[in-house]
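What follows is each chain in one-letter form.
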Amino acid sequence: METLTIVNGDIYTPTHYGQGNIVIQNDKISTITSEALQPSGEVIDASGCLVIPGLIDGLVHGGGGYDSMTGQVEDIATIARAHAQSGVTSLVLGISSGSMAQINSALTAIAQIVDEPVADGSQILGSYVEGKFGSLAKNGAQNAKYITPPNFEEFHAMWAASDGTLKVISVAPENDENLQFIKHLATFKADAYNNIVIAMGHTNATYQQAMDAIDAGVTRATHTYNGMSGMHHRALGAIEAVLSHPDIHAELIVDEHHVHPFWGNNLIQQKGIHAVGLITDCTELAGVLAEDWQASATYVPELDAYRLNEDLISESDTAFEAGSTEKYVRNGAMWLDVGESTERLAGATITLMDGIRNVINWGHSLEDTLTMATLTPAENLGVAESIGSIARDKIADIVIVNENLSVQTVILRGKLLKN
């Protein structure tokens, strides 16, 4: 039996345990103790460091220079490796709107890494079909050409292509006649759909339509505030339903571009840390040094932005068809059509550890912030029995960071990640 021991660390489970030691045997945590013990096997001295659970990013679109829509298995593996280096030990890969051939190719590639995880990469919990069944009125960066009302023909094709690994399906409930699609998935999700999570996103729903959808089986809000109706003093929409309904998990993009800290704090205060999950919604630039991607980009002074050249854009990047729009990076975020009337956000460039630092700077404790980046998303995704916290008999996904939350050591499924 392989044994790995972490000693002298300040442990957050994510609640603050305090100074202690952790024993890992094979891929699971066997002991957490504040008492002295005789270390065995390989020993990691975490003196002066914090020991935290591996982070869970519930929506990413890429990383390490690669987009999740290429349909290439090695690209998916590279994304997993890039996020692991930043302390994200589990993630859900987003699927943008595109042709069914493109979507199914991406789903199949992701499924292979779900079933056969790379040893030095984050565990991919499944795929997240974000924009396909959204609203044309709230498509954002999703390609409007391929958006359709939720329907069983396309869903079952996607389910088959994913080999049952499709983890989250997002829907605009106002386009779901009599909520029949949502109700069907909610009724049969345990027996037929591997406990798929039903989300509400890219939606122009009224408040009542959104509330009815949650009551029918929606349990997750796709990047709250973004691509979502509401925030008007007389006309309530989906945002207000997410804020007020106790039975929906609210994703929150924490790059400080998609959501202002004022509204981020408002969401957390309204719903509490056990109903808000921190995400990045990041693009392929997550985990890539600025000097590396800037070397292949063009700086446009009048826009104060970098335009990404075609060699940085995958042919399978379905949200950004050649000739229809251009991708820019400005002030730390991805944008489309900068300087045009159609200018809009298209994703973050941060990793989740960057986002955690942001939320702490908003005034939240490390305990609360970690909870929203570990245990809370694990619970909504139905995986909290095995991951999401440091606890006996759970999988040993653990990150050791310094006081500035800079990653020092990552342990993936009980194995030390080599840099």
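Structure shown above.
Residues numbered from 1 in each chain as written. Predicted model: local features only at pLDDT ≥ 70, side-chain atom pairs only at ≥ 80, totals over all residues. Heavy atoms only, no water.

> Would you mind going over helix H5 (residues 207-216) in detail, with residue names and values included?
Restricting attention to buried positions, one finds in H5 the residues Ala210, Met211, Ala213, Ile214 and Ala216. Next to the buried residues of H5 lie helix H4 (180-192), strand S12 (197-200) and helix H6 (238-244). In the segment just after H5, glycine 217 is the residue with positive phi, at about 145°. (Buried < 20%, exposed > 50% of the residue type's maximum accessible area, 1.4 Å probe, protein only. Helix = DSSP H or I, 4+ residues; strand = E, 2+ residues; numbered from the N terminus. Contact = heavy atoms within 4.5 Å.)

> Please give an account of the sheet that holds strand S19 (residues 333-336) that cites residues and values.
The strands that make up a sheet pair up through hydrogen bonds in the backbone, lying either parallel or antiparallel. Pairing within the open sheet is antiparallel, and its five strands lie in the order S16-S17-S18-S19-S20. At either end of the open sheet lies a strand with only one pairing partner, and these are strand S16 (297-300) and strand S20 (344-348). With strand direction ignored, the average angle separating the axes of adjacent strands in the sheet is 35°. Alignment of S16 against strand S17 (residues 305-308), held across four bridges, turns out to be antiparallel. Residue valine 300 lies in a different strand from S17, and its bridge partner there is alanine 305. (Pairing = 2+ DSSP bridges. Axes fitted to C-alpha atoms, helices over the stretch in contact; angles between N-to-C directions.)

> How would you explain empty space enclosed by the protein if you had to name every residue and give the values?
This model, assessed by the stated rule, comprises one cavity of 30 Å³ or more. Roughly 50 Å³ of internal volume is contained in the largest cavity. Around the largest cavity sit Pro53, Gly54, Ile56, Thr89, Ser90, Ile387, Gly388, Ser389, Ile395 and Asp397, which together line it. Grouping the constituent residues of the lining of the largest cavity by class yields four nonpolar, five polar and one charged. (1 Å grid on protein atoms, 1.4 Å probe; cavity = no way out; pocket = protein on both sides within 12 Å on 5 of 7 lines; lining within 4 Å. Points joined across faces, edges and corners; volume = space filled by probe spheres on them. Nonpolar A, V, L, I, M, F, W, Y, C, P; charged D, E, K, R; others polar.)

> Can you lay out the packing of aromatic side chains for me, pointing to particular residues and giving the numbers?
Tallied over the full model, the rule gives ten aromatic pairs. Ring geometry for phenylalanine 155 against tryptophan 159: centres 6.2 Å apart, planes inclined by 25°, an arrangement best described as stacked. Of the two residues, phenylalanine 155 and tryptophan 159 both sit in helix H3 (residues 152-161), four residues apart, roughly one turn of that helix. The class of phenylalanine 155 is buried, set by a relative accessible area of 0%. Ring centres of phenylalanine 155 and phenylalanine 181 lie 5.6 Å apart, and the angle between their planes is 85°; this geometry places the pair in the edge-to-face category. Remark: phenylalanine 181 occurs in helix H4 and phenylalanine 155 occurs in helix H3; sequence separation between them is 26 residues. Each member of the pair, phenylalanine 155 together with phenylalanine 181, is buried. One aromatic cluster is present, built from ring pairs that chain together Phe133, Phe152, Phe155, Trp159, Phe181 and Tyr193. (Phe/Tyr/Trp six-rings, centres within 6.5 Å; stacked < 30°, edge-to-face > 60°.)

> How would you explain the sheet that holds strand S6 (residues 55-60) if you had to name every residue and give the values?
What the eight strands build is an open sheet, ordered S6-S9-S10-S11-S12-S13-S14-S15; its pairing is parallel. Either end of the sheet is taken by a strand with one partner, and the two such strands are S6 and strand S15 (276-279). Bridge count between S6 and strand S9 (residues 88-95): four bridges; the pairing is parallel. Directly across from valine 60, in S9, lies its bridge partner leucine 93. Across the sheet, helix H2 (residues 100-115) touches S9 and strand S10 (123-133), and the angle it forms with S10 is around 165°. Most of the contacts of helix H9 (residues 352-361) go to S6, to which it runs at about 105°, and overall it touches S6, S9 and S15.

Everything listed here is a matter of coordinates, which is why it stays silent on function.
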